[in-house]
Structure formats: C-alpha cells, structure tokens
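Residue-level structure breakdown
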Amino acid sequence: MSIILMINEKFREGVAAFDCFHDGGAEKFNGFWQRVLSLQAEMKTIKEHAIYIQFMINVFQSLSDEMIRAACIRLVSLPLWHCLSAGKLNLELERAPKMQRLWKALQKKDQTQQQGPNHERDFIPSMLRHFFKVLNSIKKEGDVDPAAAAYCERFVEFLTDLINQLPTRRFFRAVLEDSHFIVRSKLSALYARSEGALFRQLLQILRFYENFEINDYTGQALTDEEMLKEHYESMQRLQAVAFKNFPELRKLALSNVAAIDSRQNLKALLRDLPEARLRELCVHLGLLAPANEAYAWEETSTSGETREFMTEVVINAYERRLSQIEALNEKPLYPDEKLLWDETVVPSTSNYSGLESIALPKLNLQFLTFHDHLLRNYTLFRLESTFEIRQNIEDVIKRLQPRRNQAGTTSFRGWARMAQPLNLVSAHPRDLGFRVTRVGRPRVGEDRPGEVIGEIRYTLPSAQSAYVIRQEWESIRSHDVVFLLSIDAAIPDSEKTAEKKPGVSFPDHFGLKYVRGGEVIEMLDETDKPINENDPNAPRAGNRRTLRVRLDTAQFHADILAERAAKGVDSSAAFDPTEIPALYKTFNIVMRRKPKENNFKAVLETIRDLINARSIVVPDWLRDVFLGYGDPSACTNIEKAQVIDFVDTFLNAEHLKASFPGKNVKFSSSNPQPPFRLNFSDENQIVAESYVPNQRYTTDIPKKNSVPFTPTQVSAIQQAMNKGLTLVVGPPGTGKTDVAVQIISNWYHTYPNQRTLIVTHSNNALNQIFEKIMDLDIDERHLVRLGHGERTLETEKDFSRLGRVNYMLQLRLDMLQLVERLAGMLGQPVDVAYSCETAANFFHYIVIARYEKFLMEAKKFASAQNSEISVKDLFPFADFFSRDEVDEAFASARTYEQGVAAAEKLFREGIKQRVFDQLEECRPFELLKLQSDRGNYIVTKQARIVAMTCTHAALTRSQLVSLGFKFDNLLMEEAAQILEIETFIPMLLQEQSVEEESRLKRVVLIGDHNQLPPIVQNMVFQKFGKLDQSLFARLVKLGVPQITLDAQGRARSSISALYSWRYKNLHNLPHVETSKDFQLANPGFKYDYQLIDVQDYVGMGEMEPNPYFYQNLGEAEYLVAVYMYMRILGYPKEKISVITSYNGQKHLLRDVFQRRCGWNREIGMPAKITTVDRFQGQQNDYILLSLVRTKTVGHIRDVRRLVVAMSRARLGLYVFCRKDLFKDCYELTPAFSQLLQRPDKLVLVQGEQYDDPTFSRSVKDEVPAEKCMEVADVVHMGMIASPANALGQFQQQGEDAMEAPADSGTDANNNDDDAMDQDAPQQQENAESSSSDNE
C-alpha cells in the first residue's frame, strides 16, 4: 500500500511514476502487480479502497507504457465474461459471431487449468460487488460518510476510464450492462441526496459512454442511421417477446416504435404488469438471470429486485437516447452566472488537491471516434474559457467596488479599465444603457428566436489622463465578445471593506445577479453613425458610443422559458417578438476582455460545426493513429518515393556525402554541383544527379540555402518528402526552424501544383519561419501571411492578404509597362498594354507570330550556311533586353542550332515567363473589383504557401471552407505547444465528401514534447482533464516513429550539458567548440553558469501575498544587483533576459527593476522580464533565472519546465535559488548535480570589461585567486553593484518593492502578457495566458 501511495502522489504532482519499475524489468513488475491484485481482498477501510481505486485509475491511464499495458489489459479481456448471466452472454455472442469461437477455446482452456484465484475473471466483478456493498451502506437519512461518497465517485470515474477507451471497453461494456450499474446507482440513496451532486454528474458521463455510437468489436464509428437501426431492432425484439409471451402487453407489442420508446410511455405500459411477470419479461429479454441461476452481482438472484428496479432496467435498455449533438446545439456558447460559479463543473484551482474526482472528460491516449475526440475537447475548452471569464469578471467587480447607497440603488466606488457603467433609468428608451432592439422569428423546426439584437450605450472618459483607456474601448471591433453584468449591490455603502464571509459565493457577496454575453456587430458614434474600424484616424463624434451586439438565441430562449415557469405561464405558448425577459432590463455594467483572450466563441463554434458535420474526412493513413489504434508506424513513409529532389538542401557534393554516413553515394556527372536529385531505388547506394533548375529569368540570381544540414536534419527533410506523417523532435537549438523552412522550399519546387499550409502556435514562431522562407528561392507572389501578426514581420514588404493584392496590382502595372515598351519596339500601338487581356492578345497574335517568323528565317539562313548573319542578328526582340543580357545569352552559341536554342531560352524566360505569364496571373485582379474578392482569390488560388497561427485557423475555418480553400501539405511548428483541438482543426480547413479521397498528402509536426506543453489556466482541467496534452506528445507516447534532431548550436557545450541528458545522443555542432563567442569566458564572472544560493533576506524567503502568487524578495534583489553589475561592466541590456518560474515573482522583479534601473538610462531595463513558460521558444546570450521557492520545490519539478529554464541561455546562465531545497529532488538531479559541482556563492572576477577588445580569457582558463571575489549574500552584491547605496537604504527600497502592487511594471520592453494592464488578475502558480501571442 505504501508503494501505491507513492505512485499516486507522483501522478498527482505530474511526475513520471513508473520509470523506476523499468529498471527492474517486466518480471519484477509482474510480481508487484500480482501482489497489488491480491491486495483487494485484504483491505479493511473505505479509505484504503479509495486509494486503491485511484491507483487503478492511474494504471489504466498509462496504457502507453507497454509493460503496464501488457499487465493490466488482461483484467478486461474475454475471461471477464465468465460473470455474465446466460442470457446476456448469448446476446453478446450473437452480436459478435467471431467471439463464439474464442469463447469456446477459452472454455476448453479453463477445463484444463487448475482451480484457484483467477484475477482475469474475478477482479473486476469483485470490485463491482464491493462497490454495490458500499453504495447500499449509504442511507437516505442521516449523515453521509465523506469517505464512502468519495469512494463511490472515484469508482464511477474508474469505470468511465475503462469504457471510454476501446481496448478496455470491448469486453467490459457487456459486464457493466449486465450488472445494471447505472440503474442500481440511480436508485441508490446517494444519488437522491444533496451530497450526491458530483456522483450524479459522473454517472451521467458514464451513461453517455455506455451508449456511445461505436461498434465495440470492430471499433467502427456508427452513424445516426446505424444507431437508429440498432434501436429499431432492439424495439422489435422487445415487441416480439411481448407479443409471444405476454398477452397483457399487447398494446406494447402492436404499437409503432415512436409511441412506446420514450421513458414516460414505457413506464405507463409496464405499470399494470404484475411484479412476477415483470421479472419474467426481464428474463426473456436477457436483462436478468433466471431465479435458479447463479447471479454474479448479488447474494441471491431476487434480493433487491424491486418493481422500481426492474422497470428501470427495461427502460434503461429500450428508451430512445437523446441526441448528444442536439443537446449540444441547444447549449449557449456564452457562460451565464450559474455555470460561471458552479464549483462542481468549473472548480476553483485553490480548492483542488488532486485527490478528488471531477465530472470532466479526460483527454486520453485513445479516443473512440472523431466525434468523441471533438466532444471531449469542446467540453474542456468551453469550461477553461468559462474559468478565464470568471476570473476577469471577479477582478472587474472587485475594482468597481459596488455598494448599496442610501437610496437603495447600486453605486460604484471604484473603476475598472475593462468595464463601463450603463444607465438603468432614462427618460427616453434610446438612452438606456442596454435594450433589446430586435427578436427574430424562429427558423423552421426550431423554438428559439432566429436572432436577438441589442444595443449597449456607454460614455467614454474624456480626460486626457484616460487617453489610453479611451483608445482601448475605441478599438473594439466586430466579432469581439463583450459581457453584460447585472449587479444589485449587497454591501452597504457604510462598509469600508468588503471581506467575503466563508461559505458565501462571490455573486451573493457582491450582488451579481446575471451575466450574459454578446458578439459585437458594429460600433456607432454619438450621432449613430457606424464607425469604420479599419480606419483608426477617422473622425468620431462625441464621447457616447453604441455597440450593436448579437445575443445568444439559445440563452435568450432559456431565459424566456425560465420567466414563464416562474410566472406559471405555459412554456409552449406561441412566439411573441415583444416578450423580453425582465433580466435584460437590469444590466448596469458592460465588460470587455483583451483581444488575445477573447476568441473562445469562434473556436467553440468551429468545434461545434465539426461535431455537427456528418463526416470528417482525414487521410486513411492518419485516421487510426489519430484515434490511438493500429500500427503506429503505418502512418509514416506512405508510398515511399524512390527519387527525391532535394533542391538546394546540400551545399556541395561533399556535404551530400557527409549527409548519408555509411551509404555509398554515386554521382552521375564528373563535376557534381547542387541542386541534386537523389535516387534511392538501390539499397546499397544512392545515385545523385545534378540538374539545372528552371529559372524565372536569365538575370535572376536565385537565392540558395546556406545551412549545412546535419545527417539527422537531412533524414527529417527526406521523410517529409514522402506521403504520410512526419514527427520531428527538435531539442533546444537544433535548427527546427531551418528544417521546417527547407521542407517547405522542397515541397514548393518539387510539387508545383500543390499548396502548403504553415501553422504555428505563436506569431513570433510564424514570423521566424516566414522571414527565412523569404531568404530562399520562393517567388513572393505565392506567399501570404494571414492574421494580425503579419505587422511584426521584419521586412518592408507586406505579406498580408491586402499587401499581396497591392503587390499583384503593382506587378500588373510594371508588366504592362514592359508590354508597352515591347509593342513600341515592334512598331505596334501602345494601347495593347491597356489591360492584361489586350496584352494577352498582343502576345498571341503579334509576339508569337514574330517569333515564329524568326525561327523560319533562322532555319533558312542555317540551310544557306550564311556565315555573315548570326542568329543574334536575326533575333527580333534583342532591343527589348540590355546588350549585356543578349551577349551573355549568345556567348556560347557556336552553331545555328545553339544560337536558336539560346534565342528560344531568352524568349521563353525573358518575355513569355517574365512578362506574359505573370500578366496572366494578374488578370483575375483586373476582373475582380472588390478588394475582399481579390484577397480571397489570393488565399484560395494564387498563393501556394499560406501561413497562419493555429488560433487564426480556428477563428476563420468556416470562412476558409466556404471559400473553397484547399491544400495538400501541412507543416506545424511548435506542435508540442498547441492544444490537441487546435492541432486538429487546421487539418480540416478544407471540406471534402466522404466519397472523395482526402487531398491532404503530407503532415509534418515539429516540436519538442520534452519542453512545456500548451498553457492551461485552470489546474483542474490541466491535471485531471489533461487539457494540456498536445497531439504531438500523444503521438510520441503512442509510439509513432519520430526523428530527433541531435546537434545543437545555440549554447556553450557546458550549458547544453545541463539539459542534453534529457535527449538521446544530443551533441554540439562544430562551431560550438571553435567559435570565439563560445570559447571566451564571460567578463567579470569566473564561471559561465552557476547556481547562487540565496538565503532568507530581511528575515523572509518565499512569500505568498495571494494564493499561488509566490514571490521571493531576496532573489529579486540579488538578481537585479547582478544585472546592474553586468551593465556596469558593459554588457548590452538587449543581451540579458530575466526569467522566473512564477508569475508573482515576475511582477516583483519588474517592480524592483523599475525602482533600481528604470530611472537610470545608463543601466536601463533588460530585454525581457517574464516567466519560464512565456519565454519558451526564445533565447538570449545571458539568462538570470529565479526559482523563488524555499519551502517546497514547486512546479520546476516538472522536468519539461526544467529543460526550458536551462536551455534559454547561449553564453551565461545564473540560477538564483535555495540550494538545500533543490539539491535532493530526484527529478532535478541530472541538472543540479552539475550545477552543484561549482561553488554556490557567486564568484566575480575583477578588472574585466565586456567591451574590452583585448579580453582573451577562455572558459577553460584558470583565474588567479587574487582576482576572484566571492559574493557573500544579496546585501554584499547590492553594495558591489551600487556602492553609493547605504545598506539601510538598500533594504528599505527592497521592502517598498515588496509592498508595491504586483502590476506596476510598465517598461516598454516588457509589455507582454499583462505587464501594462493594471486590471490583470493574479493567477495561480503556473497560470500564463493561454493565447500566448496568438491572434
């Protein structure tokens, strides 16, 4: 039991739990496993059983581990059916004929085996029997044992985990049905009691998966038609049994199915059937065992089988299931006040210990169907968004300080930049803060209104000091989401403080009555004139603004029904467009959210649309592995290419040879030069063929790759050229972006008729890829960058949709000028250059005719062997080119044939391709008049490489699908940082029918699952629901073959050793060992990396001013002093970044930096002050890292976060922490064992300057002792960095910084996340904005 407890604790902390078992081998683990199974009969207390169930949950959540899977999958295999009643067993064998042969073989095997404990047969049934025993011990009256209730909740969670994964579901579902688990649980006392709220929710999830639309034996998803057919067949069987054996049920037997398959009708039909006959019916239907048959679930076959129980058994088996899709469509997309503060659905992080069950779906390694995958992600994403909205609302209301004044109305003492008050009373309805202006009639077949439109009126602040806030409110755009709050203050105006009493909810404490969301349609100024959101400089009248918003029709309809029910009015009353629920007249606050965090509605709509889609078309080779089944390697190297064009991947022939170690490379020419086309048809050798690429024009100097790719990188590029899925694991500094860019370039040149989609998690990563793509030989006509992040591209060219339209229009003008010049040279009127159409006619009827005439003349002179006239002299277009171009083209022409070939090339490339082919591509922009149509044409037709973030893909999927957007290849960077659903949506940006083969040919996912996963705000959804699981990490766990890049070039070899242990065979590139930057020591520091032990400062270590808001003033002051010291030595501030493992420390660091350095231009602020999570994907030369904690290790124990923290520095890493706390942590040992080999006191070197050109000390050089100075503590370092500061002043300023508000850092260099937002809520320990720098 102690081992079980330790494993549970490791799972709770997110630490690998079963790694230690692999050291002993499978044999030792099997011994441990058998002891665990036998332990069930020895446990005495409910608490022990609860711990045991938690362990089983963790085990069955670890099926990716082959050793674990082999052991535990036997518990849910075919021998489990020994506990089935005879009727149920026969039904299952009839349903799956293939199982009959397996069952007979199993029976023969059982006859030859000796009698004894058989865990495969008895383990699950014995657990079920124990559960029923505990469940029945809870009575309808009296106190409920919390341990018993918790055990029951955990057990339902365990069964849900078994039934929502196909390998464990296949045989277990029949046992679950035969035990009538759902019925027994619903009839229990716990289900009916208030203490059973969570139990009821968990049971609802279990029931949903019990009836999920899938064939348990084939794994095939069932359509609505197939599910309906199954339902009709079961009803026919019920009617046949009733007709044959139960004359009293003649009405049931002869009625149509629709008249009897509802709960109400079935209950009415069975009401008059005697109890004994009702049991006979259950036996005939195979729902209960005969009285004389041994029954696995109770002591006797009839005990506990009441009429109510048997009626529920029949109803549960035969009632019509409600459509999950219909129920989903009826749910509002915006959360209301009930959902927002429902702790059982959206639990607070502060209340979650990891020891209790939650009524949430989990993102497992395997999913039953695509529908199952989408539904789980929809639920978790919706609740995560709800949690974030709740935090925003709570923060705004606290800042507004609502109070009940003497007049009995609500007033607001404070203000919030994210909220504006609304008028509740006005002489004219148009001046009300909010009013519903239109309620559309319901659509055919629906009850809810077709649309609900409202208007929100508020007044913007006019003071100059509020300019920034005014601009933020003015920047609200269409499709933004705002929230309406109805607050009826409960706190008297006389109370100065508003301490919330224990047990009182947040809405009750502050008087929050209602919350409703709406999508902005447009903004109007004071004269009711629509404001052009695309022109921020357009004049806007007055200070009053009106937002026209579209409300959620499902929520509005629910509010109407609730109000009717409260008034006792018939809910089925006819639609009345003037019926407005009273609550819509009580809104007195409008709240906005940051644009980066406010895209949840569009994402939820996209997921809902996919759930409603009749089919989801993905490539056949991706389908099974995506759901977690089949051979993981079957999705890679589909139709492996024998000949691959590597374009400019190789720099020269020697580079090509070095890229295939152990292979015999044979060149087809004596002087091989890139580009190369490789033939892999012979396993023993590679044949490399040089070729001359088609250039767009003779004067163009094509851009070439300059990166000397390593053999592993070349292997990744090679596999990406094959059809199928390619996983590339890129450790820090191994050139993931370079590999991605080369893959894209090779696709572009090798498959000219295919289109490529690039998706990343952040704008920063997407821009890095895009900027490198522009350095390769890719025509910019075929590039487009979607989303607002295009503005940060470091280029003068505009690659946005509008920018590409303008580029094509300018290209058209430039080409028409060339046509005009060509026409004048040929003696034609210049009006042939009026349009693309006239130019095309000119080309076909004039230019080609003149060219054909030239060919005839050249042939004539060639046959006459006239040596006085050359082909160059006959070429009619020579004057169109410069003399140098013509001379160069004909320089090597020695014969007429060579001259004609040179002329043909010059004409083809210099006239046809350069001018008229490009004009043909410009022609659609001449025909399309609207800029929006032109932009859509760019995206859907013109561009061959389209780039966007995963968030933008989710926001615009419906638009792209409606435009007919198509693509053949998909490349995702930062794939390990993207939520699973945000990885799946880009694969579905094109719509195809089921009959069509998926157009998607290649998928390349590049990431690093050993670094941090996607950021999730709510710890419950992260740890329990596994919402932070990325598709990339899941595929790796499933065993999909991956290519791990193995050579890093970012950091010094000594620094890379701090994280290279996490990767197999990670070594350094040659320049790391030879480059001067990496060989020189850091001036002023003895070591290039060092752990600095920071003890209590002013009597304190870590602090927690708010829950999970950790700070450490000593580390902050020490770190700032080291930064000041570096700046004094001449280190550039842009080469120093400060990172920490906690959000609270980030804010404290910004405050201390602002006080110590912000005012001093000579020192200034560092390049970044942020968290480890936020700094992932970035780097700098020098990193100062604060680990904060002094009591417990905290979440740096997550090895992925440790890897990120250790791998951000190129030249210098200085870690500030409490040594004694971290040195003994098992998970941190590989890194900290190296850190602790050096002194834990910072060692400085005197007499060195950063910008000293004579500085030559190497990192390997010994430093004389007299030049070294060991820093004693933070105060000593402060005096070194700023000797003018007296000790008392230094300490006082530190205390002031500690007391300062945590969001006062406003330096321009650190305006990421909420640095400049005074309303930013304080998050839990690892809370970072989930939208990163996405759109």
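Just above, that's the structure.
Now for a description of the structure that goes with this document. (Residues numbered from 1 in each chain as written. Predicted model: local features only at pLDDT ≥ 70, side-chain atom pairs only at ≥ 80, totals over all residues. Heavy atoms only, no water.)

This part covers the state of the cysteines. In a disulfide, the sulfur atoms of two cysteines are held together by a covalent bond. All chains considered together, the criterion is met by zero disulfides. Cysteine C836 shares no disulfide, and the gap to the nearest cysteine sulfur, in C922, comes to 5.6 Å. C1225 carries a free sulfur, and the closest cysteine sulfur to it, the one in C1217, is 12 Å from it. Assessed through its relative accessible area of 6%, C1225 is described here as buried. (Disulfide = S-S within 2.5 Å. Buried < 20%, exposed > 50% of the residue type's maximum accessible area, 1.4 Å probe, protein only.)

Attention shifts here to the pairing of strand β18 (residues 969-972). Here β18 shows two buried faces, one formed by N969 and L971 and the other by L970 and M972. Bridge count for strand β15 (residues 756-760) against β18 is four bridges, and the pairing is parallel. Across the sheet, I758 pairs through a bridge with L971, a residue of β18. Examined bridge by bridge, β18 and strand β19 (residues 1002-1007) share four bridges and lie parallel to one another. Looking at the pairing, M972 lines up with L1005 of β19. (Helix = DSSP H or I, 4+ residues; strand = E, 2+ residues; numbered from the N terminus. Pairing = 2+ DSSP bridges.)

To continue, consider the packing of aromatic side chains. A full pass over the atoms with the stated rule returns 62 aromatic pairs. A centroid spacing of 4.8 Å and a plane angle of 15° characterise the contact between F131 and F155, whose relative ring orientation is stacked. Here F131, found in helix α7 (residues 119-137), pairs with F155, found in helix α8 (residues 146-163); they are 24 residues apart in sequence, far enough to count as distant. On the accessibility criterion, F131 (0% relative accessible area) is buried. (Phe/Tyr/Trp six-rings, centres within 6.5 Å; stacked < 30°, edge-to-face > 60°.)

All right, on to the packing of helix α3 (residues 46-60) against α8 then. Direction vectors running N to C along α3 and α8 enclose 20°, while the axes themselves pass 9 Å from each other. Here α3 lies roughly parallel to α8, going by the angle between them. For the pair α3 and α8, the crossing hand works out as left-handed. On the side of α3, the interface is formed by I46, H49, A50, I53, Q54, M56, I57 and F60, while α8 contributes A147, A148, Y151, R154, F155, E157, F158, D161 and L162. When grouped by side-chain class, the residues that make up the contact of α3 with α8 number twelve nonpolar, two polar and three charged. (Axes fitted to C-alpha atoms, helices over the stretch in contact; angles between N-to-C directions. Parallel < 35°, antiparallel > 145°, perpendicular 65-115°, else oblique. Left-handed = near helix turned anticlockwise from the far one by under 90°. Contact = heavy atoms within 4.5 Å. Nonpolar A, V, L, I, M, F, W, Y, C, P; charged D, E, K, R; others polar.)

Right, let's get into the sheet that holds strand β8 (residues 544-551). One open sheet holds the seven strands; their spatial order is β3-β9-β6-β7-β8-β5-β4, and the pairing between them is antiparallel. Where the open sheet ends on each side, the last strands, each with one partner, are β3 (419-421) and β4 (434-439). Going from strand to strand, the sheet's axes swing by 35° on average, the running direction of each strand aside. Note that strand β6 (residues 481-487) and strand β9 (residues 589-591) share three bridges and pair antiparallel. Directly across from F483, in β9, lies its bridge partner M591.

Pairing is mixed across the open sheet formed by four strands, whose spatial order is β10-β12-β13-β11. If you trace the sheet from one side to the other, it starts and ends with β10 (643-647) and β11 (664-667), each paired once. Between one strand axis and the next, the sheet turns through 25° on average, direction left out of account. Across four bridges, the pairing between β10 and strand β12 (residues 676-679) is antiparallel.

In this section: α7. Taking 1.5 Å per residue, 19 residues should reach 27 Å; α7 reaches 26 Å between its end C-alpha atoms and fits that length. Buried within α7 are the following residues: F123, I124, P125, M127, L128, F131, F132, V134 and L135. N-cap assignment for α7: the residue whose side-chain oxygen lies 3.2 Å from the backbone N of E120 is N118. (Expected span 1.5 Å × (residues − 1). Polar contact = N/O pair within 3.5 Å; in protein donor to acceptor, adjacent residues only side chain to side chain.)

Bringing a negative patch on the surface into the picture now. A contiguous patch of negative charge on the surface is contributed by D224, E326, E330, E446 and D447. As for its placement among the helices and strands, D224 is situated in helix α13 (residues 224-245). (Patch = residues over 30% accessible without salt bridge, like charges linked within 9 Å, V, L, I, M, F, W, Y side chains within 5 Å. Areas by Shrake-Rupley, 256 points an atom, 1.4 Å probe, with all protein chains shown as cover. Salt bridge = Lys/Arg side-chain N within 4 Å of Asp/Glu carboxyl O. Lys, Arg positive; Asp, Glu negative; His and termini not counted. Charge placed at Lys NZ, Arg CZ, Asp CG, Glu CD.)

So, on to the pattern of salt bridges. One pass over the structure, following the stated rule, counts 71 salt bridges. For E980, the salt bridge goes to R1034, with nearest N and O atoms at 2.6 Å. One end of the pair, E980, is in helix α37 (residues 980-987); the other, R1034, is in helix α39 (residues 1031-1038), and 54 residues separate them in sequence. Both residues of the pair, E980 and R1034, count as buried. Residues joined in a network through salt bridges with shared partners are K88, E92, R95, R169, R173, E177 and D216.

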